[in-house]
Amino acid sequence: MNTMGKEKTETKFLDVSALEVQFQVPKRGGFLYQESAKLKAVDGVSFSMTRGETLGLVGESGCGKSTTGRAVLQLLRPSRGCVIFDEEPIHEFWKKKGTKWVWDQRLRDLRRRMQMIFQDPFASLNPRMTVESILAEPLRNFDVTQGVERREKIQHLLMTVGMDPRCMRRYPHEFSGGQRQRIGIARALALGPEFIVADEPISALDVSIQAQIMNLLSELRENLSLTLLFIAHDLAAIRHVSDRIAVMYLGRIVELASAQTIVDRPQHPYTQALLSAVPVPDPRQEHSRQRTVLSGEMPSPINPPAGCPFHTRCPLCEERCRREVPVMRTIETGHQVACHVVN
Amino acid sequence: METRSENVLEVCDLRTHFRTDDGLVKAVDGVSFTVKRGETLGIVGESGSGKSVTCLSAMRLVSKPPAFHPTGTIYFDNNNLLSLTEPEIQKLRGERLAMIFQDPLTSLNPYLTVARQLTEVLEVHQDARPTAARQTSIEMLERVGIPDAASRIDQHPHQFSGGMRQRVMIAMALLCGPEVLFADEPTTALDVTIQAQILELMKNLQKSIGTAVVLVTHDLGVVAGITDRVAVMYAGRIVEEGTTAEVFANPQHPYTRGLLESMPRIDTPIQKSLYAIPGLPPDLGNLPAGCPFHPRCASATNQCQNIYPETKVISSTHQATCWEIEGTK
C-alpha cells in the first residue's frame, strides 16, 4: 500500500475533466471497402471525487457510463481530456509502440492502486483457472507475496468477501453467480487498491443476491476506506450505496448531486423521467402515480442531435435547446445541471 | 364445470422434469393455478424457480428429451393442452395462445423481414390473402406504436432498436387476438424508460383486446404496476398466491417477505444496509428435504426440515405454503 504519508486534505483524489472517448465504427454500405464513422461514446465528461467517496454513475444502455469507467482507469485511451489520479496525470502515462498505444511503466505500477469489478461474473473469470490461481495472478504480477504467505493471503481475501477459504481449489463453474461475483471482488481487492470502478456489479445477479453483494461492497468500502465509482442503470439500487450520483445521457453528464437530492429534487427533465420510470413494489402507489413516460428512444451516438442531446425526447424543449449545447452549471451548492430550461 | 367458463386457463399439478448430467431436475414440481378471462397473473421468482418452464410447458414448447413429458393437466377451453396432438396444439399456438420472450433479437428470425414474419401468422391461422394480411399487419404495428409502419414493415429485425423489436414481438403475438398471452420477462432486457413505454402499451392493448396475460418476471415493481393477481414461485412450486393488493400489503411466506424487503426502493429513505435473504438459491438437482426454503429461512423449525408444508388459506383469494403461517388448511 501507499505509505507516502500524504496528508488527508479535502483535495480531489480523482479529477476528470472534459473526458472524451471516440470509437471508429464501420459505416453502413460498402462491402469490400468500408468507410468508418466516428462514434463519440463519451463527450466531455467532468467530475471529481474525494478520497473515500462513492460516486454513482447512472444511465441507460449506450449512454457511455461503462466507457467512462474504463477511460478513467485508462483501460481505454481517452481521445481527449484529463484524468488526474492522486495528483498524477494518468492520461499521459501511455507510450506509442508501433501504431498502438500501450501503458508505460508508471501506469502499470498504478494498477496496484486502482482496480475494476466487472458486470458479468460468468465472463470475467477464466473457466480453466482455479479460484486460487485467479486470485494469485495479481499477486504474482506484482510479486507481492510468495509460497505459504501467498496462500494465506488468498485465504484471507476469500474470507474478506464472505467465502469459505477451503473453496480455493475449485473452478468458477462450481459456484453460483453471487459467489462468482464475490471471487471477482476478491480479485479486485488482492493488491489493496484505493480506488475501484465497479461496472454494474449486481445487474447479472438474482434479486435476493443483489442485496447481499451491495451490502458487501458498502462494508468493504467502509473497512478498507475505498473510493468507489459505482456504475449502474438501476437508480433504486445505486442511491443506497452512493454519496453522490451523476446521471448520464448520450455521452454527457446531465445532472450531478447528492444521492438524496437526485431522488428528492431532481432538476433535469431526464432525471425526472428516469425516476418516474422506476417501478415501485407497491400496487397502491403504482396505480396512483403520475408517470411521465418519455416518448422515443435515445438517439444514436454516431449521429447525435444538435444542441442539447436530450431535446428530441424532452417535454420542456425550447427553440434554444435545438441549437445550443447546455453547459453544466451549479444551481445550488453541490448540485449541477446541464439544461437551458431549469432555473 | 361452471368455473371453466370464467377461467380461461386451469393448470393443475403440472410437473416438468429434466434429465441432466447432474441427475433429475424437477424444474416444475406440482404447480396449480388458474387464469380468468382478461386478467393479468404475475408469476414471480428468481432464475431457476421454474416460472419460464411453466409457460413453456403450457405452450408445449419444452423439448423432449431432455424433459420428460409434463404431467398434470392444463385445461384451456375444455382441452387438456398436454394431451393434444401436435397438429392440434399448433392450431391453438399463435392464434388463441401466444407468447412473447425476453430477448426479441433471438426470438425473431434475422433472415426474414418483419412483414414476412407477421403475415405468416395470419396466412396460417386465418387463411388471409397476402394483401389483406399485410394491411392487418401494418395496422397492428401502428397500434403498438411503431412510427412509419407502412415502410418499416419491410425491414429486418436488426434494423430495429431493442424497444422497437419488443413492440414487433407484441404485435406478432396479438395479431390473432389470442385469449391467453404468456409474456416471459418482456421488459427485462430493456432500459427503464423503454420498459415504462412497453408496460403502458401492454396495459392498453390488453384492455382493448381482452387477452388474459401470464406475466413472468423477477421484478416486483413491474408486478405491482400491471398485475391483478400474483403467484410467487420457489424451487419449482408456488409458495404464495393471491391478489396483488393482498400479497403486497400482507405477504405471508418468508420468501415473499424477504423478496419485498430486499428490493432497493426509490420511495424509501436511504438505507445504509439493505435487508438480504441469506444463503444461496436452491440447487434444483439436489433440493433439501422438507420445505426447500428452510436453509434460508429465519423461522425454520424441525418440521420444516422434514415435511413439505401444507397450503394454508389466508383469505378466499390468498394462500401460502408454509408451516409457520396461521390459517386454515
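Treat the numbers as computed from the prediction; the structure is a model and nothing was measured.

Asker: Got a minute to help me understand the overall build of chain A in this structure?
Answerer: Helix and strand content of chain A: eleven helices and 14 strands. Over its C-alpha atoms chain A spans a radius of gyration of 21 Å, differing by no more than 12% from the 20 Å that the globule rule assigns to 343 residues. By its C-alpha atoms, chain A is 70 × 60 × 50 Å across when sized along the principal axes. Classification of the 343 residues of chain A by burial places 52% in the buried group. Accessible area of chain A: about 16,200 Å², with a carbon and sulfur share of 48%. For chain A, the distance from the average position of its 45 positive side-chain charges to the average position of its 39 negative side-chain charges is 5 Å.

Asker: Explain the environment of Pro138 of chain A here, please?
Answerer: Residue and element names in this part refer to chain A. Looking at the secondary structure, you find Pro138 in helix H3 (residues 131-141). With 49 residues separating them in the primary sequence, Pro138 and Arg187 have C-alpha atoms 7.4 Å apart. Residues contacting Pro138, with those up to four places away along its chain left out, are Arg187, Ala190 and Leu191.

Asker: It is not clear to me how the sheet that holds strand E4 (residues 80-85) of chain A should be interpreted in this structure. Could you clarify?
Answerer: Strand pairing in a sheet takes place through backbone hydrogen bonds and is either antiparallel or parallel in direction. Residues and elements named next belong to chain A. Here we have four strands laid out as an open sheet, ordered E2-E1-E4-E5, and antiparallel in their pairing. The open sheet has two free edges, formed respectively by strand E2 (36-49) and strand E5 (88-89), since each of these has just one partner strand. Bridge analysis of E4 against E5 gives two bridges, and the strand direction is antiparallel. Across the sheet, residue Phe85 finds its bridge partner in E5, namely Glu88. In the packing of helix H1 (residues 65-72) onto the sheet, the strands contacted are strand E1 (14-26), E2 and E4, and the crossing angle to E1 comes to about 115°.

Asker: What is the right way to look at the interface of chain A and chain B in this model?
Answerer: With 39 residues of chain A in contact, the opposing surface of chain B contributes 46 residues. Taken over both partners, the interface formed by chain A and chain B buries close to 3,700 Å², and the fraction arising from carbon and sulfur atoms is 59%. A per-residue breakdown of the area chain A buries against chain B is headed by Val207, His240 and Pro281 of chain A, which together make up 19% of the total. Here chain A and chain B share zero salt bridges between them. Run the count over chain A and chain B and you get 17 residue pairs in polar contact (both at pLDDT 80 or more). Elements represented by at least two residues in the side of chain A that touches chain B include exactly helix H6 (207-223), helix H7 (235-241), helix H8 (259-264), helix H9 (269-277) and helix H10 (283-288) of chain A. Here the side of chain A that touches chain B gets eight residues from one element, more than from any other, and that element is H6 of chain A.

Asker: Teacher, can you tell me more about the layout of surface pockets here?
Answerer: In this model, the second largest pocket occupies a volume close to 1,200 Å³. What lines the second largest pocket is a set of 33 residues, and nearest its centre among them are Glu297, Met298, Pro299 and Ser300 of chain A together with Ser161 of chain B. For the lining of the second largest pocket, the elements supplying multiple residues, two or more each, are helix H4 (104-107), helix H8 (162-174) and helix H9 (192-209) of chain B. The class makeup of the residues in the lining of the second largest pocket is 14 nonpolar, ten polar and nine charged.

Asker: How do you make sense of H3 of chain A when you look at a structure like this?
Answerer: Note that an α-helix has 3.6 residues per turn; residues three or four places apart therefore point the same way. Residue and element names in this part refer to chain A. Within the sequence span of H3, burial applies to Val131, Glu132, Ile134, Leu135, Ala136, Pro138 and Leu139. In this structure, the buried residues of H3 make contact with helix H4 (147-160) and helix H5 (177-189). Positive backbone phi, at 50°, marks Asp143, one or two positions downstream of H3.

Asker: Honestly, the pattern of salt bridges in this entry has me stumped. Any pointers?
Answerer: Note that side chains of opposite charge can pair when their charged atoms are close. Scanning the model with the defined rule gives 37 salt bridges over all chains in all. One salt bridge in this structure joins Glu185 of chain B and Lys51 of chain B, with 3.8 Å as the shortest N-O distance. Pair noted here: Glu185 of chain B is in the loop between strand E7 (180-184) and H9 and Lys51 of chain B is in helix H2 (residues 51-58), with a separation of 134 residues, a long-range link. When its relative accessible area of 6% is taken as the criterion, Lys51 of chain B is described as buried. Of the charged contacts, one joins Glu179 of chain B and Arg96 of chain B as a salt bridge, the two residues approaching to 2.6 Å between their closest N and O atoms. One end of the pair, Glu179 of chain B, is in the loop between H8 and E7; the other, Arg96 of chain B, is in the loop between helix H3 (86-92) and strand E6 (97-100), with 83 residues separating them in the sequence. Through salt bridges that share partners, Glu20, Lys40, Asp43, Arg80 and Arg252 of chain A make up one connected network.

Cut-off values and rules
Residues numbered from 1 in each chain as written. Chains lettered and ligands numbered in written order. Predicted model: local features only at pLDDT ≥ 70, side-chain atom pairs only at ≥ 80, totals over all residues. Heavy atoms only, no water. Helix = DSSP H or I, 4+ residues; strand = E, 2+ residues; numbered from the N terminus. Rg over C-alpha atoms; globule rule 2.2 N^0.38 Å. Buried < 20%, exposed > 50% of the residue type's maximum accessible area, 1.4 Å probe, protein only. Areas by Shrake-Rupley, 256 points an atom, 1.4 Å probe, with all protein chains shown as cover. Lys, Arg positive; Asp, Glu negative; His and termini not counted. Charge placed at Lys NZ, Arg CZ, Asp CG, Glu CD. Contact = heavy atoms within 4.5 Å. Pairing = 2+ DSSP bridges. Axes fitted to C-alpha atoms, helices over the stretch in contact; angles between N-to-C directions. Buried area = accessible area lost by both parts, 1.4 Å probe. Salt bridge = Lys/Arg side-chain N within 4 Å of Asp/Glu carboxyl O. Polar contact = N/O pair within 3.5 Å; in protein donor to acceptor, adjacent residues only side chain to side chain. 1 Å grid on protein atoms, 1.4 Å probe; cavity = no way out; pocket = protein on both sides within 12 Å on 5 of 7 lines; lining within 4 Å. Points joined across faces, edges and corners; volume = space filled by probe spheres on them. Nonpolar A, V, L, I, M, F, W, Y, C, P; charged D, E, K, R; others polar.

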